[in-house]
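Close look at the chain arrangement
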Amino acid sequence: MSPKNVIFKKVCKDKSVGVYMGKRDFVDRVDSVEPLDGVILVDPEALQGRKVFVTLSCTFRYGRDDMDVMGIAFRRELYLATRQVYPPLQDREKGIHTRVQAKLLRKLGNNSYPFFFEFPDNLPCSVALQPAPSDVGKQCAVEFEIKAFSAESQDAKVRKRSTVKLMLRKVQYAPEGEGIAPSVETTRDFVMSDKPLHVKASLDKEVYYHGEPIKVHVSVTNNSSKNIKNIILSVDQIANVVLYSNDSYAKCVDIEDSGDSVSPGATLQKVYTMLPLLANNRERRGIALDGKLKHEDTNLASSSIVKDGVLKEVLGIMVSYRVMVKLIVGGMMGSRNVCSAFTLQRGRSGSSLQTDARQTRHSEGE
């Protein structure tokens, strides 16, 4: 989140309009979203009679601007709201909603005016697919932006010199709650073996916060005649681009190749620690991130929480996580896999990595 007591300021090139905001991160708590407020500073002489407007927009971008084909842009506007700030349509004091606004208005003087927006409930949170180091231009992302501009009217042509834009970020806060610690079990029978292989995996709790280690409890009871050659654990991120194609991208964001083996007739009980971090995935193209702001770091993307009555298609990019435990089983015809997986949810900013408690079975070969 943005540090306290920091004011974000940006002024257009002709100095006619400037934007001042106390923060650029806004938390979605599922049942409510923090409102957006700030102050616009105008120069009446530079305006030369033009009006000043401020807009809040949410855009899904799935291609660079220079990839436009036949005038069709690779972007879709999900939301747009506009307010006239100058000349003011109401008394300036009635437009003050926060103490930060009041302090800014006192400091900036009589040519400053407040603005205020509320986020609709059906908008997605900020998500961006990380580009490769060699990629240029805008990445595939859901972006929020405040734009202030001066013009003769709201629909008149806007000059770039009279426009100022400030990127924002809407972040997901996973609701706190004591859920059942998830677990998953699978039993595998093999040809030429009288008894089965049993695997159980579980977590300590349902919710994990960013940067908090995930302890995975694994129990293997190998009553079969097969030799377990290795146990591999991974945390996978699944990003579904649901707005226009429903493409799905699965990326491993943390892996543990334990090298542990379990002989026929033996058992294993062990706790493995996983820690998925962006710091270990910065060069990987296609990793979903919480929206990136200039000069600020971010995290792996929060899991998408779909609110009641909201269509998944308007969320742009949906993100989920899973923890997979894979056993490499030796045999006469080569190695085979036995897998157990958790489906997870991950949040941001005092938010969480949260398990869904669903069970998934997966195995390959005999």
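Keep in mind the model is a prediction, meaning the values are calculated, not measured. (Residues numbered from 1 in each chain as written. Predicted model: local features only at pLDDT ≥ 70, side-chain atom pairs only at ≥ 80, totals over all residues. Heavy atoms only, no water.)

Some thoughts on the sheet that holds strand 17 (residues 267-274)
In a beta sheet, neighbouring strands pair by backbone hydrogen bonds and run either parallel or antiparallel. The condition is simple: Only strands that DSSP links by at least two bridges are regarded as paired with each other. Numbering goes from the N terminus for both helices and strands, where a helix is a DSSP run of H or I of at least four residues and a strand is a run of E of at least two. Between the N-to-C directions of two axes lies an angle of 0 to 180 degrees, each axis being a line fitted to C-alpha atoms and, for a helix, fitted only over the stretch in contact.
One open sheet accounts for four strands, arranged 11-12-14-17; its pairing is antiparallel. Bordering the open sheet on either side are strand 11 (183-188) and strand 17, each of which pairs with just one other strand. Within this sheet the neighbouring strands show an average axis-to-axis angle of 15°, counted without direction.

Let's talk about the environment of K147
To keep things clear, this is the line we draw: Between two residues, a contact is recorded if the distance between any of their heavy atoms is within 4.5 Å.
By the element assignment, K147 lies in strand 9 (residues 141-151). Residues in contact with K147, not counting those within four places in the same chain, are F53, V54, T55, T163, V164 and K165.

Here we look at the sheet that holds strand 2 (residues 17-21)
Here four strands make up an open sheet; going across it, the order is 1-2-4-7 and the pairing antiparallel. Single-partner strands in this sheet number two, and they are strand 1 (8-11) and strand 7 (112-117). When the angles between neighbouring strand axes are averaged without regard to direction, this sheet yields 20°. Pairing geometry for strand 4 (residues 36-42) and strand 7, over six bridges, is antiparallel. Paired with G38 across the strands is F115, a residue of strand 7. Across the face of the sheet, helix 2 (residues 99-108) comes into contact with strand 2, strand 4 and strand 7 while running at roughly 10° to strand 4.

Some details on the nonpolar core
Keep this limit in mind: Residues enter a nonpolar core if they are buried and are Ala, Val, Leu, Ile, Met, Phe, Trp, Tyr or Cys, with the set joined through side-chain atoms within 4.5 Å. When accessible area is computed with a 1.4 Å probe and restricted to protein chains, residues below 20% of their type maximum are described as buried, those above 50% as exposed, and intermediate ones as partly exposed.
One finds L36, F115 and I146 to be the most contacted residues of the largest nonpolar core, which totals 69 residues. With seven residues, the single largest contributor to this core is strand 19 (residues 317-329). If we ignore the near neighbours within four places in the chain, the residues touching F115 are V19, M21, L36, D37, G38, V39, I40, V54, V85, Q101 and I146.

Description of the pattern of salt bridges
This is how the line gets drawn: Think of a salt bridge as a Lys or Arg side-chain nitrogen and an Asp or Glu carboxyl oxygen that are within 4 Å of each other.
A complete count under the given rule lists nine salt bridges for this structure. Between R159 and D14 there is a salt bridge; the shortest N-O distance is 3.8 Å. Of the two residues, R159 sits in the loop between strand 9 and strand 10 (163-172) while D14 sits in the loop between strand 1 and strand 2, which places them 145 residues apart along the sequence. Looking at R159, the relative accessible area reads 45%, which means it is partly exposed. Residues D236 and R322 are paired through a salt bridge, measuring 3.1 Å at the closest nitrogen-oxygen approach. Of this pair, D236 sits in strand 15 (residues 228-241) while R322 is found in strand 19, placing the two residues 86 residues apart along the sequence. Relative accessible area serves as the criterion here: at 8%, D236 is assigned to the buried category.

A few points about helix 2
Rules: Starting at the helix axis, one direction is taken to each C-beta atom, and the arc is that of these directions.
Listed in full, the buried residues belonging to helix 2 are Q101, A102, L104 and L105. Seen end-on, helix 2 carries its buried residues on one side only, within an arc spanning 165°. For helix 2, the exposed residues lying more than 90 degrees away from the buried face are R99, K103, R106 and K107. Of the surrounding secondary structure, the elements contacted by the buried residues of helix 2 are strand 2, strand 4 and strand 7. G109, located one to two residues past helix 2, shows a positive phi value of around 95°.

Regarding the environment of V199
Mapped onto the elements of the fold, V199 is located in strand 12 (residues 197-203). Residue classification places V199 among the buried positions, given a relative accessible area of 2%. A sequence separation of 68 residues divides V199 from T267, and the C-alpha atoms of the two residues are 9.9 Å apart.

Some points on the pairing of strand 19
With ten of its 13 residues buried, strand 19 lies for the most part within the structure. In this sheet, strand 19 lies alongside strand 15 in antiparallel orientation, the contact comprising 13 bridges. Bridged to V241 within strand 19 is I317.

What to know about the packing of aromatic side chains
Counted only if it meets this: Side-chain rings of Phe, Tyr and Trp, where Trp is taken by its six-membered ring, are said to pair if the distance between their centres is within 6.5 Å; with planes under 30 degrees apart they count as stacked, over 60 as edge-to-face, and otherwise as tilted.
Overall, the coordinates contain five aromatic pairs when judged by the stated rule. Taking 5.5 Å as the distance between ring centres and 25° as the angle between the ring planes, the aromatic pair formed by F53 and F149 counts as stacked. With F53 in strand 5 (residues 51-61) and F149 in strand 9, this residue pair connects regions lying 96 residues apart in the sequence. A single burial state applies to F53 and to F149, both of which are buried. The interplanar angle of 75° and the centroid separation of 5.7 Å between the aromatic rings of F119 and F144 together place this pair among those described as edge-to-face.

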